[in-house]
Amino acid sequence: MRLIFLTLSLLLHSVAQGQDLFRLTGKILNPQQDYLTFTYYADWVSEPREYTLTLNKDQEFLVEFPLKEMAYCDISFGEHGVHLLKIEPGDSIHLMFDQDDFNNTLRVEGPGSHKWAYQLMLRQRFDVDEDGDRELSQFNSPRYFEITQKWLSLQNQLLDQQTSMVSPEFTALQKADILGKVKLFELGYLNYKNSSDSLLQLDWNQFPEHIKAKSIYMGQVADALVDNYLKNKRTSASRTLEYEYLKLLKDRIGTGLTEKVLATKLLQYLDTDGMSEEIKLLGEDFMYFAQNDEYKKVLATQFRRKEALAVGKAAPNFIVQNKKGKLVELKDFKGKNLVLGFYDDECYLCHEDMRAMEFVQGFFRKKKDLLFVFINLSPRELYLQFIKNPSLLGTHLNAPDNSFIRKNYNTQLLPNYLIIDKTGKILANAVDEPRLDDGRSMIQDIEKLIYKP
């Protein structure tokens with residue numbers, strides 16, 4: 001762990017270097033709500049960054065932040081949205097649309113907007129007008145690879161027409177995405193036919209390592225190949241054995257994607273196994289093996305967070321608001337056993353959990369020393385709307401944009417739960433979600449840890 005913490009401290013000094021600004025402004029006609037959500041993905045290991053953009057009195061919005069390199073973003077407004085658009089440092093894009101006619105009125109302008117216009121045109125032509133995904137999903141055609149090559153050729157021709165108006169970095173990443181998406185469908189076809197994935201004709205060396213690691217679709221192809229690979233290796237009984245097998249993929253898919261796969265796996269191990277000695281050792285190995293400083297920083301942060309939430313330690317105190325706007329601290333609940341949960345309004349699984357949680361709370365309804373406390377991470381207006389539900393049980397508090405909770409609790413994956421005793425000590429930092437079995441596992445954990453120690 002010492003190496004992991006040292007790596008984090010060194011990396012934090014260089015985070016802001018080499019960054020430029022990305023700026024997005026916009027205007028919405030006939031809005032039916034007063035905010036939209038902007039999310040960007042710096043890479044596929046770091047947590048996505050989400051901004052809630054409130055419309056001003058003229059129905060305009062603005063977001064601006066430092067951006068180190070090309071990234072992907074989503075924009076969601078009610079039932080409408082655009083997803084996985086590429087953005088670059090220095091972009092200053094202005095977005096306009098009428099909510100009553102989103103698809104026909106969506107317009108972009110400003111520096112960097114040409115690549116957005118191109119991506120929106122691609123979306124309209126291949127996803128809406130011709131529904132390419134549906135055609136590529138039909139695995140019963142004997143001429144399947146002719147279909148995929150047709151789509152590959154058409155999209156590359158359109159990209160070639162844009163090269164003089166977009167950056168070389170965008171062109172390279174878009175080519176990787178076009179190829180990766182087609183190869184993902186071809187891999188699905190080979191799996192459907194029970195054919196070897198070695199038949200997938202993909203030259204991984206045609207793209208630089210950082211482009212492969214950045215590309216969402218090349219990454220998905222790599223993840224699918226990893227799943228196939230591990231099924232044949234029967235490594236589920238040993239995290240170390242699985243990890244070492246994954247390192248061997250470096251010769252096939254390259255360094256960048258292998259590091260991304262390993263970092264993602266380590267995060268999964270942390271979520272499922274916690275801070276076991278085996279996972280600590282794998283984390284140390286990754287710090288020596290990997291070259292990507294961003295991945296190392298993410299892993300170091302997550303290891304530190306898991307260490308802070310280790311069983312037997314005091315749960316980090318936080319300050320949030322209740323429905324009346326009063327500040328509430330975690331330590332205010334000392335003297336009571338707690339089930340502490342985190343959720344947000346946009347998380348479908350969170351809503352499923354809330355319904356199943358009724359069984360858990362009903363089972364312990366006579367226990368006066370047990371409280372169920374839930375932290376809603378949504379903007380305050382959504383939180384206030386959510387708690388109007390008359391059947392909602394437990395204590396619901398609100399913590400939008402709370403950097404302390406984001407830093408010290410596992411809120412990158414929702415929902416999640418902890419069990420805390422009367423003294424504030426963590427009894428469990430990984431509890432099965434109640435929707436999975438109508439709360440039976442959570443009931444057993446509470447009984448075992450609190451009432452039958």
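Residues numbered from 1 in each chain as written. Predicted model: local features only at pLDDT ≥ 70, side-chain atom pairs only at ≥ 80, totals over all residues. Heavy atoms only, no water.

J.: Just to check I follow, could you spell out helix α9 (residues 239–247) for this structure?
T.: Because an α-helix completes one turn every 3.6 residues, residues spaced three or four positions apart along the sequence face the same direction. Listed in full, the buried residues belonging to α9 are E242, Y243, L246 and K247. End-on view of α9: buried residues confined to an arc of 140 degrees, all on one side of the axis. (Buried < 20%, exposed > 50% of the residue type's maximum accessible area, 1.4 Å probe, protein only. Helix = DSSP H or I, 4+ residues; strand = E, 2+ residues; numbered from the N terminus. Arc of directions from axis to C-beta.)

J.: I would appreciate a short explanation of the pattern of salt bridges in the present structure.
T.: A side chain with one charge may pair with a side chain of the opposite charge, provided their charged atoms come close. Across all of its chains, the model carries 24 salt bridges by this definition. Across the pair E69 and K214 runs a salt bridge whose closest N-O atoms are separated by 3.1 Å. Of this pair, E69 sits in the loop between β4 (60–67) and β5 (71–77) while K214 sits in helix α7 (residues 209–214), and the two are 145 residues apart along the sequence. For E69, a relative accessible area of 40% translates into the label partly exposed. When its relative accessible area of 10% is taken as the criterion, K214 is described as buried. A salt bridge links E88 to K115, with the nearest nitrogen and oxygen atoms 3.0 Å apart. Of this pair, E88 sits in the loop between β6 (80–87) and β7 (92–98) while K115 sits in helix α3 (residues 113–129), placing them 27 residues apart in sequence. Here E88 falls in the buried class, since its relative accessible area comes to 13%. (Salt bridge = Lys/Arg side-chain N within 4 Å of Asp/Glu carboxyl O.)

J.: I keep staring at the sheet that holds strand β3 (residues 49–54) and nothing clicks. Help me out?
T.: Each strand in a sheet pairs with its neighbour through backbone hydrogen bonds, running either in the same direction (parallel) or in the opposite one (antiparallel). An order of β3-β2-β5-β6 is seen for the four strands of this open sheet, with the pairing classed as antiparallel. Where the open sheet ends on each side, the last strands, each with one partner, are β3 and β6. In this sheet, adjacent strand axes meet at a mean angle of 20 degrees when their direction is disregarded. The sheet contact formed by strand β2 (residues 35–41) and β3 spans six bridges and is antiparallel. When the sheet's bridge partners are listed, T37 is paired in β3 with T52. Against the sheet, α3 engages β5 and β6, with an angle of about 130 degrees to β6. Strands β5 and β6 of the sheet are contacted by helix α6 (residues 168–192), whose axis makes an angle of about 120 degrees with β6. (Pairing = 2+ DSSP bridges. Axes fitted to C-alpha atoms, helices over the stretch in contact; angles between N-to-C directions. Contact = heavy atoms within 4.5 Å.)

J.: Could you clarify how one ought to interpret the pairing of β6 in this entry?
T.: Residues in a regular strand project their side chains so that they alternate between the two faces of the sheet. With six of eight residues buried, β6 lies mostly within the body of the structure. In this sheet, β6 lies alongside β5 in antiparallel orientation, the contact comprising six bridges. Paired with C73 across the strands is L85, a residue of β6. Counting the residues between successive antiparallel strands, the hairpin from β5 to β6 contains two residues, one of them, G78, with a positive phi of roughly 60 degrees.

J.: What am I meant to see in the packing of helix α5 (residues 144–160) against α6 here?
T.: When two helices pack together, their arrangement is given by the angle between the helix axes and by the axis-to-axis distance. As a packed pair, α5 and α6 sit with axes 10 Å apart at the nearest point and diverge in direction by 170 degrees. When the interaxial angle is binned, α5 and α6 end up roughly antiparallel. Along its contact with α5, which presents Y144, F145, T148, Q149, L152, Q155, N156, L159 and D160, the element α6 presents F170, T171, Q174, K175, I178, L179, V182, K183, F185, E186, Y189 and L190. When grouped by side-chain class, the residues that make up the contact of α5 with α6 number eleven nonpolar, six polar and four charged. (Parallel < 35°, antiparallel > 145°, perpendicular 65-115°, else oblique. Nonpolar A, V, L, I, M, F, W, Y, C, P; charged D, E, K, R; others polar.)

J.: I would appreciate a short explanation of the pairing of β7 in the present structure.
T.: Where strand β1 (residues 20–29) lies against β7, seven bridges are found, and the strand directions are parallel. By the bridge assignment for β7, L29 is matched with D98. Across three bridges, β7 lies against strand β8 (residues 107–109) in antiparallel orientation. Bridge pairing in β8 links H94 to E109.

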